[in-house]
Amino acid sequence: NAGVTQTPKFQVLKTGQSMTLQCAQDMNHEYMSWYRQDPGMGLRLIHYSVGAGITDQGEVPNGYNVSRSTTEDFPLRLLSAAPSQTSVYFCASSPKTGTGGQPQHFGDGTRLSIL
Amino acid sequence: AQSVTQPDIHITVSEGASLELRCNYSYGATPYLFWYVQSPGQGLQLLLKYFSGDTLVQGIKGFEAEFKRSQSSFNLRKPSVHWSDAAEYFCAVGAYYGGSQGNLIFGKGTKLSVKP
């Protein structure tokens, strides 16, 4: 049982380039989310999905796109990378219940640098 | 709006000493509360969670936390710290209602250093 798998672990991009951060989970969790972690800022929610075909914006969605075509996968796309997007990105998943409040399972993160 | 405050950015304790990390939350109803730990270069690992019931919850690695509704607090404690506890600790509150179920709001974290 791999849990939440993120690829790549490290990436360096040039300003203006695009790329996709991959996230896959094998726990059949309905809920998936993307966070970015910056020093002194904690984790901030970028986008989330409550099931296949359903996505919504979090706190800091600008510059990022997501889609959820399957339960397992939730890729995060940077359309035109900017230095302000240099960060560590975490994907997380949790089961969705009628009352929410389930703890999230986190991947190991993708460390992204934009030059 | 929901928010989480961790007042201490960095705490240093001696190995074997007791530890308390503070967390205050703002939420309109009974919250779901979590503590996560992050070792350098790693993802976040759940230490413990509070949903309802007993206000003192036990977690992994000898940690516990107490929910105090009157103080809007959920402080993390450990009676005797080990060098391996050096890490960053995050408090989080979970949404209860509607489409945002599953969203977590995180505090900015408290970095724990342990002196030998």
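Throughout what follows, the structure given in this document is the object of discussion. (Residues numbered from 1 in each chain as written. Chains lettered and ligands numbered in written order. Predicted model: local features only at pLDDT ≥ 70, side-chain atom pairs only at ≥ 80, totals over all residues. Heavy atoms only, no water.)

What about the side chain of Gln 25 of chain A?
Residues and elements named next belong to chain A.
In step 1: Considering the arrangement of structural elements, one finds Gln 25 in strand β3 (residues 19-25).
In step 2: Among the residues examined, Gln 25 registers a relative accessible area of 2% and is labelled buried.
In step 3: The residues touching Gln 25, leaving out its near neighbours within four places in the chain, are Gly 3, Val 4, Met 32, Arg 68, Thr 71, Glu 72 and Ser 93. (Helix = DSSP H or I, 4+ residues; strand = E, 2+ residues; numbered from the N terminus. Buried < 20%, exposed > 50% of the residue type's maximum accessible area, 1.4 Å probe, protein only. Contact = heavy atoms within 4.5 Å.)

Some words on the state of the cysteines
In step 1: All told, the structure shown has two disulfides over all chains when counted by the stated rule.
In step 2: Across the disulfide from Cys 23 of chain A sits Cys 91 of chain A; the S-S distance is 1.9 Å. For the disulfide bridge between Cys 23 of chain A and Cys 91 of chain A, the dihedral angle about the S-S bond is near -70°, and by the sign convention the bridge is left-handed. With Cys 23 of chain A in strand β3 and Cys 91 of chain A in strand β9 (residues 87-94), this residue pair connects regions lying 68 residues apart in the sequence. For the pair formed by Cys 23 of chain A and Cys 91 of chain A, the shared burial category is buried.
In step 3: Here Cys 23 of chain B is linked by a disulfide to Cys 91 of chain B, with a sulfur-sulfur distance of 2.0 Å. The disulfide joining Cys 23 of chain B to Cys 91 of chain B has a torsion of about -65° about its S-S bond and is therefore left-handed. Here Cys 91 of chain B lies in strand β10 (residues 87-94) and Cys 23 of chain B lies in the loop between β3 (19-21) and β4 (24-26), a separation of 68 residues in the sequence.
In step 4: Here Cys 23 of chain B falls in the buried class, since its relative accessible area comes to 0%. (Disulfide = S-S within 2.5 Å.)

As far as function goes, none of this settles anything; it's purely spatial.
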